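Residue strings, one per chain:
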Amino acid sequence: IAESRGKPSIYRAVLLRRLLQAPKIKAMAESGKILILLALWQLSAPTVLAAPASVATVVSIAGRASVRRGAEAVAARALAVNDSLLAGDVVATATDGSLKLLFTDDTIIDLGSSSQLKIDQYEAMNAAVERKALLSVLYGKLRALVTKAIGPTSKFEVRTATAYMGVRGTEFIVNAPREYQGGGA
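Owing to the predicted nature of the structure, the values given are computational and were not obtained by experimental measurement.

### Brief notes about the packing of aromatic side chains
For the structure on display, the rule yields 2 aromatic pairs. Here the aromatic rings of Tyr 122 and Phe 156 are separated by 6.1 Å at their centres, their planes lie at 85 degrees, and the arrangement is edge-to-face. Placement of the pair is Tyr 122 in strand S8 (residues 116-123) and Phe 156 in strand S10 (residues 155-159), with a sequence separation of 34 residues. Both residues of the pair, Tyr 122 and Phe 156, belong to the buried class. By way of ring pairs, the aromatic residues Phe 103, Tyr 122 and Phe 156 are connected into one cluster.

### Brief notes about the pattern of salt bridges
Overall, the coordinates contain 7 salt bridges when judged by the stated rule. Here Asp 105 makes a salt bridge to Arg 131, at a shortest N to O gap of 2.3 Å. Placement of Asp 105 in the loop between strand S6 (98-103) and strand S7 (108-111) and of Arg 131 in the loop between S8 and strand S9 (132-145) is noted, with a sequence separation of 26 residues between them. Judged by relative accessible area, which is 10%, Asp 105 ranks as buried. Judged by relative accessible area, Arg 131 falls into the buried class, the value being 1%.

### Observations concerning the side chain of Gln 116
Residue position: Gln 116 is located in strand S8. Residue classification places Gln 116 among the buried residues on the basis of a relative accessible area of 12%. Setting aside anything within four residues of it in sequence, one finds Gln 116 in contact with Arg 68, Val 90, Val 91, Ala 92, Ser 136, Val 137, Leu 138 and Tyr 139.

### Regarding the nonpolar core
Core analysis: the biggest nonpolar cluster contains 28 residues, and Leu 85, Phe 103, Ile 109, Tyr 122, Leu 142 and Phe 156 have the highest contact counts within it. Looking at this core, the elements with two or more residues in it are strand S1 (56-62), strand S2 (65-68), S6, S7, S8, S9, S10 and strand S12 (171-176). When residues in this core are grouped by element, the largest group, 5 residues, is from S9. Look past the residues within four positions of Ile 109 in its chain and what remains in contact with it is Leu 99, Lys 100, Leu 101, Phe 103, Leu 117, Leu 135, Leu 142, Arg 143, Ala 144 and Phe 156.

Reading the values: rules and limits
Counting of residues starts from 1 at the beginning of each chain's written sequence and follows it residue by residue. Per-residue local features are limited, in this predicted model, to residues with pLDDT of at least 70; the limit for side-chain atom pairs, both in listing and counting, is 80 or more; totals at the level of whole chains, interfaces and linings are taken over all residues. Note that water and hydrogens are dropped before the side-chain values are worked out from all heavy atoms of the structure. Only rings of Phe, Tyr and Trp enter the pairing, Trp through its six-membered ring, and a pair is recorded when the two centres are within 6.5 Å. The plane angle decides the type: under 30 degrees is stacked, over 60 is edge-to-face, the rest tilted. Counting from the N terminus, the helices are DSSP H or I runs at least four residues long and the strands are E runs at least two residues long. Buried means the residue's accessible area, taken with a 1.4 Å probe over protein chains only, is under 20% of the maximum for its type, while exposed means over 50%, and partly exposed covers the values in between. One speaks of a salt bridge when a side-chain nitrogen belonging to Lys or Arg is within 4 Å of a carboxyl oxygen belonging to Asp or Glu. The criterion used for residue contact is that any of the two residues' heavy atoms lie within 4.5 Å. Here, the term nonpolar core denotes a set of buried Ala, Val, Leu, Ile, Met, Phe, Trp, Tyr and Cys residues that are joined through side-chain atoms within 4.5 Å.

Structural data, given as structure tokens:
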């Protein structure tokens, strides 16, 4: 039984069928005692939590770039090509750095040197889902090539400390100087 922990449910079903064929277990099953054992066994099964969905992938990096994951994260870790990004991540480039991100809906974001971008929200996993994107340029330069709107209520919004805009299927550039950093995110 210990070997079945963490295995897919098909393994558990096969093991259960084999157990029920054992003579002592068969007698317990006929008397109803096995139900209690099965209930306890099911309760002991490990809970599988889904990993947060990736919203973007780092496709290229020049120089140094890092990511800070989660609201409580203090330390940033270096980014590498093919790293996945999640909603809530804060991506930063050094003075010698720049990077290109490919989002799940094929939107492309280029982040210039000395820039910081927070992915506040990004929901666009497939063509059947309305896009809901909110990015905050904390400071620096961003170039975006946004794919066309997925549905009539799709949103792609970019926020800075001094401006807030929504776009649909277009290319644009944002420059948010560090001296204006403040209330955007």
